[in-house]
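Breakdown of the fold
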Amino acid sequence: MKDSYIRLTLILAVFATAFSMSNLRADGHGHTKMEDSMDKLNDAFRELRKAVRRPDPAQKETYLGYIDVILKEAKISKEYVPMRYEGMEGEELETAMASFEKDMDIFIKTIEELYAAIDAEDFDAANEKINMMRRQKSSGHQAHKPEDE
């Protein structure tokens, strides 16, 4: 009986170690669902930003596809609790999340405005919205990302 218990404990320890190792990135930090979503958003944003520097109206549907991804991932990310706020509780967490959600709402509104600009083929306005999104991203990360990242 005691041997079975020890064997079971060892098996569980091996699986727990393997599971935790499979959830680590190459840099040794866990990769959250929010980070996955933000990575997808950033990839689409980067592609859009490069493409719209020298816009081609014939590529409008491609641009709108990038924006669809950006908008979808921003809405998904808004539902997560940023790592910076893990461990917070009660009013402190509510206040922090209200600030995060407000910033995300502003960001989402800018994405929707970007969509409208691209749809209207107003690429000057689109580039202004892209620059606005870059500033919002920077200030949002400063406010809501963990300080050690």
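For the structure, see preceding data.
Just so we're clear, the structure is a prediction, and the values are computed from it rather than from any experiment. (Residues numbered from 1 in each chain as written. Predicted model: local features only at pLDDT ≥ 70, side-chain atom pairs only at ≥ 80, totals over all residues. Heavy atoms only, no water.)

This brings us to the overall build of the protein chain. Per the secondary structure count, the protein chain includes 5 helices and 0 strands. In the protein chain, the succession of α and β elements from N to C terminus is α-α-α-α-α. Within the protein chain, the proportion of its 149 residues that are buried is 28%. At a minimum sequence separation of 6, the contacts of the protein chain that also span at least 24 residues come to 66%. Carbon and sulfur atoms provide 54% of the accessible area of the protein chain, an area that totals close to 10100 Å². (Helix = DSSP H or I, 4+ residues; strand = E, 2+ residues; numbered from the N terminus. Buried < 20%, exposed > 50% of the residue type's maximum accessible area, 1.4 Å probe, protein only. Contact = heavy atoms within 4.5 Å. Areas by Shrake-Rupley, 256 points an atom, 1.4 Å probe, with all protein chains shown as cover.)

On to the environment of Phe45, then. For Phe45, the location among the structural elements is in helix α2 (residues 33-53). The exposure class assigned to Phe45 is buried, which follows from its relative accessible area of 4%. On a C-alpha basis, the gap between Phe45 and Val69 in space is 8.7 Å, while along the polypeptide they are 24 residues apart. Beyond its immediate chain neighbours, meaning those up to four positions away, Phe45 contacts Ile70, Ile130, Met133 and Arg134.

Looking now at the packing of aromatic side chains. Any two aromatic rings considered together are summarised by their centre-to-centre distance and by the angle between their planes. On inspection of all chains with the given rule, the structure shows 1 aromatic pair. Residues Tyr63 and Phe123 carry aromatic rings whose centres are separated by 6.1 Å and whose planes lie at 90 degrees to one another, so their mutual orientation is edge-to-face. Here Tyr63 is found in helix α3 (residues 60-78), whereas its partner Phe123 is found in helix α5 (residues 123-144), with 60 residues between them in sequence. Take Tyr63: its relative accessible area is 3%, and that puts it in the buried class. A relative accessible area of 10% places Phe123 in the buried class. (Phe/Tyr/Trp six-rings, centres within 6.5 Å; stacked < 30°, edge-to-face > 60°.)

This next bit is on the environment of Phe123. Each C-alpha atom, one on Phe123 and one on Arg54, is 9.0 Å from the other, the two residues being 69 residues apart in sequence. Among residues more than four places away in sequence, those in contact with Phe123 are Val52, Pro55, Pro57, Tyr63 and Ile118.

So, about α2. Its 21 residues give α2 an end-to-end C-alpha distance of 30 Å, which sits within 8% of 30 Å, the value for a rise of 1.5 Å per residue. Buried within α2 we find Met34, Glu35, Ser37, Met38, Leu41, Asn42, Ala44, Phe45, Leu48, Arg49 and Val52. Buried-residue contacts for α2 involve α3, α4 (90-119) and α5. (Expected span 1.5 Å × (residues − 1).)

Within the element layout of this structure, Glu73 appears in helix α3. Glu73 sits 34 residues away from Asp39 along the chain, and the two C-alpha atoms are 8.9 Å apart. Not counting residues up to four positions away in its chain, the partners in contact with Glu73 are Ser37, Lys40 and Leu41. One polar contact links Glu73 to Ser37, side chain to side chain, over a distance of 2.6 Å. (Polar contact = N/O pair within 3.5 Å; in protein donor to acceptor, adjacent residues only side chain to side chain.)

Moving on, we come to unusual backbone geometry. Of note in this structure, Glu121 is not a glycine but carries a positive phi near 60 degrees. Mapped onto the secondary structure, Glu121 falls in the loop between α4 and α5. A residue is classified by how much of its surface remains accessible, and Glu121, at 37% relative accessible area, is partly exposed.

This part takes up the nonpolar core. Most often, soluble globular proteins keep nonpolar side chains buried together rather than apart. If you look at the biggest cluster of nonpolar residues, it comprises 29 residues, and the most contacted ones within it are Leu48, Val52, Ile70, Ile111, Leu114 and Ile118. Of the residues forming this core, the biggest block, 10 residues, is contributed by α4. Among all residues touching Leu114, those that are not within four sequence positions of it are Leu48, Ile67, Ala126, Lys129, Ile130 and Met133. (Core = buried A, V, L, I, M, F, W, Y, C linked by side-chain atoms within 4.5 Å.)

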